[in-house]
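# Descriptive structure summary
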Amino acid sequence: MIYLDNSATTKLHPEVLETMLPYLKEEYGNPSSKFYLLAENAKKAVKSAREQVALLLGCEDDEIIFTSGATESNNMIIKGVHDYYGKISKNSNYMITSQAEHPSVLESFRYLEERGTNVNYLKVDSFARVNVNELTEELHRQPLLTSIIWGNNEIGSLNPISELAQEFEENNLFFHTDATQIIGKVPFNLKDIPGIRFLSMSGHKIGGPKGIGVAVIRKQSKEIYTKLTPLLHGGGQENNYRSGTLAVHNIVGLGKAAEVAHKHINENITKLEELEKYLIGLLHENLGDKLKFNSDTKNKIPGLISLQFVGVNSELLIKKLSPYVALSSGSACSSSKPSHVLTASGISLEEVRQSVRITLNPQINKADLEIFRNIK
Ligand code: PMP
């Protein structure tokens with residue numbers, strides 16, 4: 001069975017597992033404890049993982065907040081900004097996002113909306129991208145926070161995040177991006193994009209373990225932290241942003257995954273692009289006009305293809321192929337309802353029902369894709 005659902009999750013990288021094992025066995029210290037070796041070792045391990053993640057993202061170590069994953073990071077940032085600044089800002093009642101966000105962003109905004117916040121869910125184009133002009137025209141209304149996904153998890157399109165962030169920087173407004181799907185696949189350095197004040201990412205999408213992610217909260221200046229009401233109150237870990245005993249084994253795993261992703265990003269992109277081109281060629285050859293593509297051909301996450309097998313119910317197809325290949329009918333998080341992303345992109349319900357998402361990984365080879373030659 002070949003696994004082609006790498007946007008849902010990825011296999012643990014072998015080096016990640018090796019790095020984690022000691023912290024599940026003998027190195028069980030709590031990094032918040034003091035003086036004895038077990039605690040000091042745990043502290044050191046967390047520090048070096050933080051440095052590895054900071055290097056991958058291009059931010060300061062103390063701007064990295066470990067969370068349980070991107071769902072938590074998104075909730076924490078959106079609700080935390082609203083709660084903290086809502087009390088002190090006269091513009092607290094207006095927030096912006098798009099219709100094609102991950103459910104953890106959309107539902108966080110819906111939660112705030114039910115409590116009286118005015119949320120603008122921007123329309124998206126046929127590839128689920130926001131319109132830069134439409135968004136920048138809203139900035140005079142001083143939104144408290146705007147959250148736009150960087151790379152879409154269902155259709156793969158990239159939003160022009162650097163360009164948008166620049167506008168937010170110039171207007172001194174808060175901008176958040178959910179970067180979960182682009183880490184290790186789209187090179188960037190947060191030092192060059194100061195307008196991104198907040199960013200979310202997840203460990204298990206980059207060969208790291210599940211249950212660990214990052215909320216990047218960039219400082220206002222070298223000394224001044226951006227304030228946020230925490231989602232979890234308690235012992236004050238993670239600069240008081242996120243309490244709870246640190247999951248050291250997961251943190252060191254994420255650190256190693258970040259290091260590996262950083263080291264291999266260029267070769268991984270090249271490999272994903274090659275595999276994607278090969279697969280599309282093969283599908284065209286085999287199925288011709290029985291195919292229809294939802295994904296754009298450029299400005300996209302390498303290795304993510306959303307397409308339709310015309311006239312074929314995707315769930316039935318995926319089930320039938322499941323002994324040989326793991327595919328997805330959309331995102332793993334919303335498989336029971338028709339995809340809100342594809343619907344927002346103007347794709348009809350019938351087309352949504354025949355849509356399949358294939359997400360490659362750089363560890364496979366062209367020969368692994370031969371299965372698609374036999375689909376009739
Ligand atoms: N945002 C995006 C774009 C995602 O693809 C996912 C995972 N499907 C998440 C957030 C949630 O990540 P996690 O599983 O770490 O909570």
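Residues numbered from 1 in each chain as written. Predicted model: local features only at pLDDT ≥ 70, side-chain atom pairs only at ≥ 80, totals over all residues. Heavy atoms only, no water.

## What to know about the overall build of the protein chain
Helix and strand content of the protein chain: ten helices and twelve strands. The C-alpha radius of gyration computed for the protein chain amounts to 21 Å, which stays within 12% of the reference 21 Å derived for 376 residues, consistent with globular compactness. Summarising its shape, the C-alpha atoms of the protein chain cover approximately 65 × 55 × 35 Å along the three principal directions. Here the protein chain holds 376 residues, and the buried ones make up 57% of them. Within the protein chain, residue pairs in contact and separated by at least 24 positions form 73% of the contacts whose partners lie at least 6 positions apart. Split by element, the accessible area of the protein chain, about 16,800 Å² in all, is 52% carbon and sulfur. Charge centroids of the protein chain, computed over 41 positive and 43 negative side chains, lie 4 Å from each other. (Helix = DSSP H or I, 4+ residues; strand = E, 2+ residues; numbered from the N terminus. Rg over C-alpha atoms; globule rule 2.2 N^0.38 Å. Buried < 20%, exposed > 50% of the residue type's maximum accessible area, 1.4 Å probe, protein only. Contact = heavy atoms within 4.5 Å. Areas by Shrake-Rupley, 256 points an atom, 1.4 Å probe, with all protein chains shown as cover. Lys, Arg positive; Asp, Glu negative; His and termini not counted. Charge placed at Lys NZ, Arg CZ, Asp CG, Glu CD.)

## Section: helix H2 (residues 37-57)
Its 21 residues place the ends of H2 30 Å apart at the C-alpha level, agreeing with the 30 Å of an ideal helix rising 1.5 Å per residue. What H2 keeps buried is the set Ala-39, Asn-41, Ala-42, Ala-45, Val-46, Ala-49, Arg-50, Gln-52, Val-53, Ala-54, Leu-56 and Leu-57. Downstream of H2 by a residue or two, Gly-58 has a phi angle that is positive, lying close to 80°. (Expected span 1.5 Å × (residues − 1).)

## Topic: the site of the ligand
Contacts to the ligand come from 15 residues, most closely from Thr-71, Asp-178, Gln-181, Ser-202 and Lys-205. In isolation the ligand exposes 400 Å². Once the protein is present, 89% of that is buried. Top element by residues in the shell around the ligand is helix H3 (residues 70-86). It accounts for three residues. For the shell around the ligand, the per-class residue count stands at three nonpolar, ten polar and two charged. (Near = heavy atom within 4 Å. Nonpolar A, V, L, I, M, F, W, Y, C, P; charged D, E, K, R; others polar.)

## Notes on the nonpolar core
Within the largest apolar cluster, 62 residues are counted, with the highest numbers of intra-cluster contacts made by Leu-57, Trp-150 and Leu-199. Per-element accounting of this core gives the leading share, eight residues, to H2. Taken together, domain 1 (2-8 + 265-370) and domain 2 (14-259) each give at least three residues to this core, which thus spans both. Trp-150 has contacts with Ser-157, Leu-158, Asn-159, Ile-161, Thr-177, Asp-178, Ala-179, Ile-182, Phe-188, Ile-193, Ile-196 and Leu-199, leaving out every residue within four places of it along the chain. Leu-4, Leu-275, Leu-279 and Val-325 belong to the second largest nonpolar core, which has 24 residues in total. (Core = buried A, V, L, I, M, F, W, Y, C linked by side-chain atoms within 4.5 Å. Domains from an automatic or database assignment.)

## Quick look at the packing of aromatic side chains
Note on aromatic pairs: each is described by the distance of the centres and the angle between the planes. A full pass over the atoms with the stated rule returns five aromatic pairs. Here the aromatic rings of Tyr-85 and Phe-174 are separated by 5.0 Å at their centres, their planes lie at 75°, and the arrangement is edge-to-face. Of the two residues, Tyr-85 is situated in helix H3 and Phe-174 in the loop between helix H6 (161-170) and strand E6 (175-178); the sequence distance between them amounts to 89 residues. Classification of Phe-174 as buried rests on a relative accessible area of 13%. We note Lys-79 situated over the ring of Tyr-111; from NZ or CZ to the ring centre the distance is 4.8 Å. Here the guanidinium or amino end of Arg-110 rests over the ring plane of Tyr-121, the centre of that ring lying 5.6 Å away. (Phe/Tyr/Trp six-rings, centres within 6.5 Å; stacked < 30°, edge-to-face > 60°. Lys NZ or Arg CZ within 6 Å of the ring centre and 35° of its normal.)

## Some remarks on the packing of H2 against helix H7 (residues 248-287)
At a minimum axis distance of 8 Å, the contact between H2 and H7 shows a crossing angle of 30°. Our pair here, H2 against H7, has a crossing hand that is left-handed. Along the contact surface, H2 presents Ala-42, Ala-45, Val-46, Ala-49, Gln-52, Val-53, Leu-55 and Leu-56, while H7 presents Val-248, Ile-251, Val-252, Leu-254, Gly-255, Lys-256, Ala-258, Glu-259, Ala-261 and His-262. Looking at side-chain class alone, the contact of H2 with H7 contains 13 nonpolar, three polar and two charged residues. (Axes fitted to C-alpha atoms, helices over the stretch in contact; angles between N-to-C directions. Left-handed = near helix turned anticlockwise from the far one by under 90°.)

## Focus on the domain arrangement of the protein chain
According to the domain assignment, the protein chain consists of domain 1 (2-8 + 265-370) and domain 2 (14-259). With centres defined by C-alpha atoms, the gap from domain 1 to domain 2 works out at 27 Å. Counting from both sides, the interface comprises 26 residues of domain 1 and, opposite them, 28 residues of domain 2. Between domain 1 and domain 2, roughly 2,300 Å² of surface is buried when both sides are summed, and carbon and sulfur atoms account for 55% of that area. On the domain 1 side of the interface with domain 2, the three residues burying the most area are Ile-301, His-340 and Val-341, jointly 23% of the side's total. The interface formed by domain 1 and domain 2 holds one salt bridge in total. Where Asp-296 meets Arg-129, a salt bridge forms, and the shortest distance between an N and an O atom there is 3.1 Å. In this assembly, domain 1 and domain 2 are joined by twelve residue pairs in polar contact (both at pLDDT 80 or more). No other element matches the four residues that helix H9 (residues 340-344) contributes to the side of domain 1 that touches domain 2. Taken together, the residues of the side of domain 1 that touches domain 2 break down into eleven nonpolar, eleven polar and four charged. (Buried area = accessible area lost by both parts, 1.4 Å probe. Salt bridge = Lys/Arg side-chain N within 4 Å of Asp/Glu carboxyl O. Polar contact = N/O pair within 3.5 Å; in protein donor to acceptor, adjacent residues only side chain to side chain.)

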